[in-house]
Amino acid sequence: MKITVITIFPGYFSSPLSAGVVGRAIEAGYLEIETVDLRDFTTGFHRQVDDAPYGGGAGMVMMIEPLAKALAPLSETVRVLMTPAGKPLDQEMLDRFATLDHLTLVCGRYEGVDERVVEHFIDEEVSVGDFVLPGGEAAALAMIEGIGRLIPGVLGNDQSIAGESFRDSLLAEPHYTRPADYHGWKVPEVLLSGDHGRIEEWRASQRLERTRRRRPDLLD
Ligand code: SAM
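Parameters at a glance
- Residues numbered from 1 in each chain as written.
- Predicted model: local features only at pLDDT ≥ 70, side-chain atom pairs only at ≥ 80, totals over all residues.
- Heavy atoms only, no water.
- Buried < 20%, exposed > 50% of the residue type's maximum accessible area, 1.4 Å probe, protein only.
- Helix = DSSP H or I, 4+ residues; strand = E, 2+ residues; numbered from the N terminus.
- Contact = heavy atoms within 4.5 Å.
- Salt bridge = Lys/Arg side-chain N within 4 Å of Asp/Glu carboxyl O.
- Domains from an automatic or database assignment.
- Pairing = 2+ DSSP bridges.
- Axes fitted to C-alpha atoms, helices over the stretch in contact; angles between N-to-C directions.

Right, let's get into helix H2 (residues 64-71). Pro 66, Leu 67, Ala 68, Ala 70 and Leu 71 are the residues of H2 that are buried. The secondary structure elements touched by the buried residues of H2 are strand S1 (2-7), strand S4 (61-62), strand S5 (78-88), strand S6 (102-107) and helix H4 (115-121).

Written out as structure tokens, the structure reads:
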């Protein structure tokens, strides 16, 4: 799979994308990340991508021309704009994006992009939550990390996705590892029992109980 990221900060992605599961996925060739510097599509000496908003007001708006030039050649890909006004990102969306051959992510800055970009060059708008970031890069990174681990072959054991949070509308159960007793704080006895039936039952009940308490909306 290939993900093209349009940004004014292409260097933003290099360190996080060299680490962990997604770093390994890129190294092994499961995932290719192409960062496109939006300023390469500007003409003036100052490589300006923003201008004052029509109607006045604070802040600057990303101009249509550089974005149009960057996005037009990517019309065969699914072009996603990161924006707080977008559809809230969830696991189902990541599952769907992970099946694509080529995805394009557009990172806004300033007050966002000229609305005509959305109307003519964007297929989907995605938000990573009900809060405002200074730019779309962290949001794009969250998408890349979420998608990268879903590409078949990237996680060694396919089972590890099956019991995760948001599968079957449930949160994952709590996890424990050694030591079994840390200054009197004990691991639940059932996990030490070796009885796989009881362990599975306990895990299933924990998943349901946690979801009920913390995220009843998922059960709806
Ligand atoms: N003026 C915009 C508003 O009030 O909705 C906020 C613009 S924000 C400062 C700059 C850019 O950050 C946005 O264009 C978008 O690309 C990105 N961004 C900020 N918050 C985001 C979120 N929750 N999800 C996705 N992208 C976000």
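Here the focus is the pattern of salt bridges. Going through the model one piece at a time under the given rule, you end up with 18 salt bridges. A salt bridge links Asp 37 to Arg 47, with the shortest nitrogen-to-oxygen separation between them at 3.6 Å. Placement of Asp 37 in strand S2 (residues 32-37) and of Arg 47 in the loop between S2 and strand S3 (50-51) is noted, with a sequence separation of ten residues between them. One salt bridge connects Asp 123 with Arg 79, and the closest N-O pair in it is separated by 3.8 Å.

What follows is about the domain arrangement of the chain. Once the domains are mapped, the chain shows domain 1 (2-148) and domain 2 (163-219). Placing the centre of domain 1 and that of domain 2 at their C-alpha centroids yields a distance of 37 Å.

This paragraph deals with the sheet that holds strand S7 (residues 124-127). Overall, parallel pairing links the five strands, which are arranged S2-S1-S6-S5-S7 in an open sheet. Strand pairing shows two members of the sheet lacking a second neighbour, S2 and S7, which therefore form its edges. Strand after strand, the sheet turns through a mean of 30° between neighbouring axes, direction not considered. Bridge count for S5 against S6 is five bridges, and the pairing is parallel. When the sheet's bridge partners are listed, Met 82 is paired in S6 with Cys 107. This element, helix H5 (residues 137-148), spans S1, S2, S5, S6 and S7 of the sheet and lies at about 160° to S6.

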